[in-house]
Amino acid sequence: MDRVAVSPQTNTPAPDQGAVYGANPLPVWLLLAGNVVMVCSLWLLGAGGMVAKLILLVFWLLMIAGFGRRLQFSGVALCRVLLLGGLIALVGTGNGAGPEKLRLIGNLMMLPVGLVAGMMIGRACLSIMMPSLIMYLPLSSSFYATHEGMRLNHPFLFLGLFALCSVTLWRGGKVLTGVAALAVLLSQTRIAVLAMMINLAGRIRLSSIWTWMVGSCVIAATAWVVADHLPRLLMTHGSGRLSFWRDFADMWVAAPMTQKWLGFGAGAVEDILSGYASFTSFGALHNDHFRMLFETGIIGAGIWAVGWFLMIWTVRHSRLSVCILLSVMVTMVTDNSLNYGHYLMCCGIAAGIAARGNAQHG
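Residues numbered from 1 in each chain as written. Predicted model: local features only at pLDDT ≥ 70, side-chain atom pairs only at ≥ 80, totals over all residues. Heavy atoms only, no water.

**Considering the overall build of the chain**
Regarding its fold elements, the chain presents 17 helices and two strands. Here the chain holds 362 residues, and 48% of them are scored as buried. Here the chain has roughly 17,600 Å² of accessible surface; of this, 69% comes from carbon and sulfur atoms. (Helix = DSSP H or I, 4+ residues; strand = E, 2+ residues; numbered from the N terminus. Buried < 20%, exposed > 50% of the residue type's maximum accessible area, 1.4 Å probe, protein only. Areas by Shrake-Rupley, 256 points an atom, 1.4 Å probe, with all protein chains shown as cover.)

Here's what the structure looks like:
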């Protein structure tokens with residue numbers, strides 16, 4: 001949100017106790033309950049994801065409600081709420097089955113809710129999100145064989161953990177950051193690696209000579225390892241995305257004006273793709289920005305674009321926050337990040353925490 005908690009006597013930003021004093025402002029029972037809820041939501045991902053994301057979203061909405069009883073809205077914040085409400089109304093009243101509408105609405109809320117939670121609650125959010133990921137990922141991660149070599153699963157969960165590590169003050173945070181970064185590399189998911197580099201650009205001091213000296217050595221060593229052991233990251237091959245994008249672009253151009261303005265409806269992309277022989281292996285459009293245009297039309301895509309601008313504008317004073325949000329936006333160009341609720345929530349929380357810390361020390 002645009003307003004940060006203010007000390008009643010000094011009229012200055014109230015300190016983030018979890019960051020400054022090392023104490024956690026959340027009661028023990030809430031920390032335990034939060035971790036149980038997060039672990040449950042992660043394990044339920046294997047059952048299809050919709051229930052898992054619903055649990056995740058409801059929990060953080062309740063957290064915001066508990067911390068936001070005295071929340072005041074500025075003009076920009078009110079505009080964001082109205083835009084999100086307008087996009088939800090457009091999806092809800094448009095074409096598509098009820099479950100698909102609910103799924104898309106929930107997905108659209110993940111990043112903004114995470115951003116608000118991070119800005120309002122601060123680093124205390126990490127005590128709920130990070131332990132559950134640290135417990136879940138080692139137990140559920142495994143390598144699987146592809147024609148391009150062995151790959152580690154859960155690239156976007158590791159990417160979300162990397163984003164949370166970007167704002168932690170925990171002493172072991174650097175080690176965990178390295179583990180998460182290595183896992184993203186081992187997934188050989190190129191867009192995830194690019195997003196991680198954008199996130200990293202928000203953490204490092206670009207004006208320091210040591211950054212460039214050490215960074216050059218790290219980049220050279222990483223490039224050597226990638227070329228020798230992770231060849232998929234350097235491959236240029238046809239993934240089939242362009243062919244699908246052309247087909248959907250042709251459908252959109254040929255559609256009547258009503259569908260161009262209001263879209264084909266939630267779930268339309270999957271319905272159409274299910275008729276393709278390669279649907280089982282490809283599964284989705286792999287471009288969330290184009291998907292929003294196709295399913296919600298020009299009006300929905302316009303709200304989507306303005307919403308992104310306002311989120312980035314809100315955290316513009318924090319380079320790390322801007323980089324985290326940009327990294328999410330980039331992943332949506334060639335993947336289905338809008339479906340990855342836990343990843344979006346992690347990045348939203350991390351961006352919110354970074355923006356809150358910048359406001360308090362700015």
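Having seen the structure, we can now continue with the description.
**Description of a nonpolar patch on the surface**
A surface patch of nonpolar side chains, amounting to about 440 Å² of accessible area, comprises Met257, Trp261, Leu262, Ile298 and Ile299. The set of elements that each furnish at least two residues to the nonpolar patch consists of α12 (257-262) and α15 (288-314). Counting residues per element, the nonpolar patch draws most heavily on α12, which supplies three residues. With respect to the secondary-structure elements, leucine 262 resides in helix α12. (Patch = residues over 30% accessible without salt bridge, like charges linked within 9 Å, V, L, I, M, F, W, Y side chains within 5 Å. Salt bridge = Lys/Arg side-chain N within 4 Å of Asp/Glu carboxyl O.)

**A few points about the pattern of salt bridges**
In total, this model carries two salt bridges according to the counting rule given. Here arginine 291 and glutamate 295 are joined by a salt bridge, their closest N and O atoms 3.5 Å apart. Pair noted here: arginine 291 and glutamate 295 are both in helix α15, with a separation of four residues, about one helical turn. No difference in accessibility class separates arginine 291 from glutamate 295, as the two residues are buried.

**A few points about the side chain of threonine 314**
Within the fold, threonine 314 resides in helix α15. Assessed through its relative accessible area of 11%, threonine 314 is described here as buried. In this structure the side chain of threonine 314 is engaged in a polar contact, spanning 2.7 Å, whose partner is the backbone oxygen of leucine 310. (Polar contact = N/O pair within 3.5 Å; in protein donor to acceptor, adjacent residues only side chain to side chain.)

**Considering the packing of aromatic side chains**
On inspection of all chains with the given rule, the structure shows eight aromatic pairs. Measuring from centroid to centroid gives 5.3 Å for phenylalanine 156 and tyrosine 343, while their planes differ by 70°, and the two rings are edge-to-face. Placement of phenylalanine 156 in helix α7 (residues 155-165) and of tyrosine 343 in helix α17 (residues 341-361) is noted, with a sequence separation of 187 residues between them. Each member of the pair, phenylalanine 156 as well as tyrosine 343, is classed as buried. Centre to centre, the rings of phenylalanine 264 and phenylalanine 294 are 4.1 Å apart; their planes meet at 5°, and the pair counts as stacked. In this pair, phenylalanine 264 sits in the loop between α12 and α13 (268-273) while phenylalanine 294 sits in helix α15, placing the two residues 30 residues apart along the sequence. Accessibility classification places phenylalanine 264 together with phenylalanine 294 in one group, the buried group. Here the aromatic cluster, defined as three or more aromatic residues joined through ring pairs, consists of Phe156, Tyr340 and Tyr343. The ring of tryptophan 252 has lysine 260 lying over it, and the distance from NZ or CZ to the ring centre is 5.7 Å. Stacked on the ring of tryptophan 313, the Lys or Arg arginine 316 has its end atom at 4.0 Å from the ring centre. (Phe/Tyr/Trp six-rings, centres within 6.5 Å; stacked < 30°, edge-to-face > 60°. Lys NZ or Arg CZ within 6 Å of the ring centre and 35° of its normal.)

**Structural notes on the confidence of the model for the chain**
Counting all residues, the mean pLDDT for the chain is 84, and 79% of those residues have values of 70 or more. Confidence, expressed as mean pLDDT per element, reaches its minimum in the chain at helix α1 (residues 17-20) with 38 and its maximum at α7 with 97. The low-confidence segment residues 1-23, where pLDDT is below 50, has 44 contacts with residues more than four positions distant or belonging to other chains. (pLDDT = per-residue confidence, 0-100. Contact = heavy atoms within 4.5 Å.)

**Points about helix α16 (residues 319-334)**
Helix length check: α16, at 16 residues, gives a terminal C-alpha distance of 24 Å against a target of 22 Å (1.5 Å per residue), a fit within 8%. Leu320, Ser321, Val322, Cys323, Ile324, Leu325, Ser327, Val328, Thr331 and Met332 are the residues of α16 that are buried. (Expected span 1.5 Å × (residues − 1).)

**Brief notes about unusual backbone geometry**
Not every positive phi belongs to a glycine, and histidine 154 is a case in point at roughly 60°. Structurally, histidine 154 can be placed in the loop between β2 (149-152) and α7. One non-glycine residue, glutamine 188, lies in positive phi territory at about 55°. With respect to the element layout, glutamine 188 can be found in the loop between α8 (173-187) and α9 (190-201). Overall, glutamine 188 belongs to the buried group, its relative accessible area being 2%.

**Overview of the nonpolar core**
Trp60, Ile121, Leu164, Trp308 and Ile349 are the most contacted members of the largest nonpolar core, which has 84 residues in total. By residue number, the principal contributor to this core is helix α5 (residues 98-121), which donates 13 residues. Leaving out residues up to four positions away in the same chain, isoleucine 121 has contacts with Leu26, Trp60, Met63, Phe67 and Arg356. Core analysis: the second largest hydrophobic core is formed by twelve residues, Phe244, Phe248, Ala255 and Leu273 among them. (Core = buried A, V, L, I, M, F, W, Y, C linked by side-chain atoms within 4.5 Å.)

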